[in-house]
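Topology and contacts: notes
Chain residues, written in single-letter form:
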Amino acid sequence: MSEKYSRPAQPPPTYNQPGGGQSPFNEPYYPQQGVNSSDYHQQQRPDYDPESQFPPEKIVGSGKPDNAETFDDSFKVKNKLNDWPFTILFIATLAGFVVVAGIVLSAWASNYSTSGSGIYDSGASFTLNTNTVVLFAFVIVISLVLAVLMLCFARIAPKRFIQVGIVLNVVLGLASSIYYLAVGYYSAGVVFLVFTLISAYCYWSMRGRIPFSATVLTIVIDVMKRNPSTLMTSLIGIIVSGAFAALFSATVVATYMKWTPSDENGNCSFNEGSTSCSRSKVIGILVFVFFAGYYITEVIGNVIHVTISGVYGSWYYLSRSDQGMPRFPALGAFKRAMTWSFGSICFGSLIVALLQLLKTIIQILKNDAMQNGEGWQTIILCCADCILGLIEWAVRYFNHYAYSFVALYGESYMKSARATWDLFRAKGLDALVNDCLIGAGLSFFALFVSYLSALFSYLYLRYTAPGYNSDGSFYAPVIAFTFVIALQIVNIASSVIRSGTATFFVCLARDPEVFQISYPDEFSRIFADYPQVMNKVAARQ
């Protein structure tokens, strides 16, 4: 490391003008006519204190130090286990899920002759069986392949990524709706049609903001190319999430097979008219299994997010400094995510998991009401489903930025949440949501894969005709479940872009001068599309 330059204990670095004045970034300024981007940034660069911890001449360096530091040395935090009670809760939930999975999968293996080993050879017609497991396996493979293709497309052509994602979502949603209505499955047809109309409206109303989003996406993809550890982290996340989705799916099916009351069920023991199986037991255990599945999946996704955010934070603050990027930033960020910040990750993930569980229960009740022709009850449950969906989206969106603060500053979840709220108040929630369509583009791709998986599951059940679905009662839960599986897998797979975008916005809002000095040409393109970048957000004391 250079002896005449020492990095602050933790980001962001401070930029003070002589005399203690505020940063000029609080006041917007505009480029002069006839000045190219390089000369413009050289002229407009503010006068910094020579004693500043991060002087401009040290920010713009080779980025290839003689002795790079570790991630912990570059981003020092207090060695404190934040929000540790939630770590204990997560470990208990994980242990409970492993116990339940072990019990039901063992029972499944012991009744192998009844449950079958393929699509058509199951002897069980009273509940979900191996036919369903094969379906879930197909859905997982389809989701993983499409998720990888999505990342490849985003890396090759980032400027087309957003537009194509929106168009594909609208086209596939409309096609699925027409098909469902044509075959008489009106409930699914109406739901898909509503989603399609909403997507089309979003595309039309926000089309003017796409250029700024494309510029940011190009920067995020460029950083991903230069730091392959982000792609490796995402690939590991895809593998882990896919493996857990397979275990989760098998556990759900095996739970039905273990405790569904039926004379055909060899797992049920009958004694003087009583049985060890009951519908209430199935419901109770499935509630826990779904909660644990959602909770574990959220934690996996957020650990990946915090890890990738650490890499992007290292790039933003240190890629052009004399020190350069720390050694193995992804490994250092992952270590912090699994130790000091793991309780904070479990805290925020718990909130989303509870909302997902409540939403799933309402969706099941809504589907039952629709099949039974209960009009008013269906309307009330649809409204409740929409309200919960909006709340879940808001919490997810808020958490995504909060975890970027967790990755950069190592604070607790509540302190990071307060910092996120300050960011939203200063920049405006409308600006963060509407000025960047990258998250929307990724969501559209995730919906595209989910639609495709849901359509595949419907066709699979229709043409394989398993005995448990002879009356069509399992269409709704199986399609809904495959939709959720595909959505979770793609969301985790796209976390490298989501995390990079959120972290870039947090750093740009806190310290825009770092990016202007380090990457003047890229900054000029952002300024051209988003002049509000000059309004710096002060850190809470």
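Please refer to the structure higher up on the page.
Residues numbered from 1 in each chain as written. Predicted model: local features only at pLDDT ≥ 70, side-chain atom pairs only at ≥ 80, totals over all residues. Heavy atoms only, no water.

Topic: the environment of F444
For clarity, the cut-off: Working definition: helices are DSSP H or I runs of at least four residues, strands are E runs of at least two. Numbering for both runs from the N terminus. Throughout, a contact is declared for two residues whenever any of their heavy atoms are within 4.5 Å.
If you trace the backbone, F444 turns up in helix α17 (residues 438–464). With 274 residues separating them along the chain, F444 and V170 place their C-alpha atoms 8.7 Å apart. F444 has contacts with G165, I166, N169, S199 and C202, leaving out every residue within four places of it along the chain.

Brief notes about the pattern of salt bridges
The test is simple: Counted as salt bridges are all cases of a side-chain nitrogen of Lys or Arg within 4 Å of a carboxyl oxygen of Asp or Glu. For every residue, the accessible area obtained with a 1.4 Å probe (protein chains only) is divided by the maximum for its type, and the residue is called buried under 20%, exposed over 50%, and partly exposed between those limits.
In this structure the tally under the stated criterion is four salt bridges. Among the salt bridges present, the one from R425 reaches D422, with a minimum N-O distance of 3.2 Å. Of the two residues, R425 and D422 both sit in helix α15 (residues 413–427), three residues apart, roughly one turn of that helix. You can call R425 exposed: its relative accessible area is 58%. Salt bridges sharing common partners tie together E298, K359, E392 and R396.

Here we look at helix α11 (residues 279–318)
For the record, the criterion: To estimate how far a helix should reach, multiply one less than its number of residues by 1.5 Å.
The terminal C-alpha atoms of α11, which comprises 40 residues, lie 58 Å apart, in line with the 58 Å expected from a rise of 1.5 Å per residue. A large share of α11 lies buried, amounting to 33 of its 40 residues.

What to know about a nonpolar patch on the surface
We count it as follows: Residues enter patches when they are more than 30% accessible in relative terms and free of salt bridges; like-charged ones are connected within 9 Å and nonpolar ones (Val, Leu, Ile, Met, Phe, Trp, Tyr) within 5 Å. Accessible areas in this description were obtained via Shrake-Rupley with a 1.4 Å probe; residue shielding takes into account the shown protein chains only.
There is a patch of nonpolar side chains on the surface, built from L181, Y186, V190, V194 and I198 and spanning about 460 Å² of accessible area. Top contributing element to the nonpolar patch by residue count: helix α8 (residues 186–205), with four residues. Structurally, the position occupied by I198 is in helix α8. When its relative accessible area of 47% is taken as the criterion, I198 is described as partly exposed.

Details of the environment of L193
Relative to the helices and strands, L193 resides in helix α8. Note: C-alpha distance between L193 and S177 (16 residues apart in sequence) is 5.4 Å. Those residues within four positions of L193 in sequence are excluded, and the remaining contacts are L174 and S177.

Regarding the packing of helix α14 (residues 375–409) against helix α19 (residues 495–510)
Packed helices, taken two at a time, are described by the angle between their axes plus the distance between the axes. Let me state the cut-off plainly: Axis definition: a line fit to C-alpha positions, over the contact stretch in the case of helices; interaxial angles, taken between N-to-C directions, run 0 to 180 degrees. Any angle that is under 35 degrees is reported as roughly parallel, and any over 145 degrees as roughly antiparallel; angles of 65 to 115 degrees are reported as roughly perpendicular and all others as oblique. Charged means Asp, Glu, Lys or Arg here, nonpolar means Ala, Val, Leu, Ile, Met, Phe, Trp, Tyr, Cys or Pro, and polar covers whatever is left, Gly included.
The contact between α14 and α19 brings their axes to 9 Å, and the two run at 70°. Our classification of the angle between α14 and α19 gives roughly perpendicular. Only R498, S499, A502, T503, F505, V506, C507 and R510 of α19 make contact with α14, whose side of the interface consists of H400, Y401, S404, F405, L408 and Y409. Taken together, the residues of the contact of α14 with α19 sort by class into eight nonpolar, four polar and two charged.

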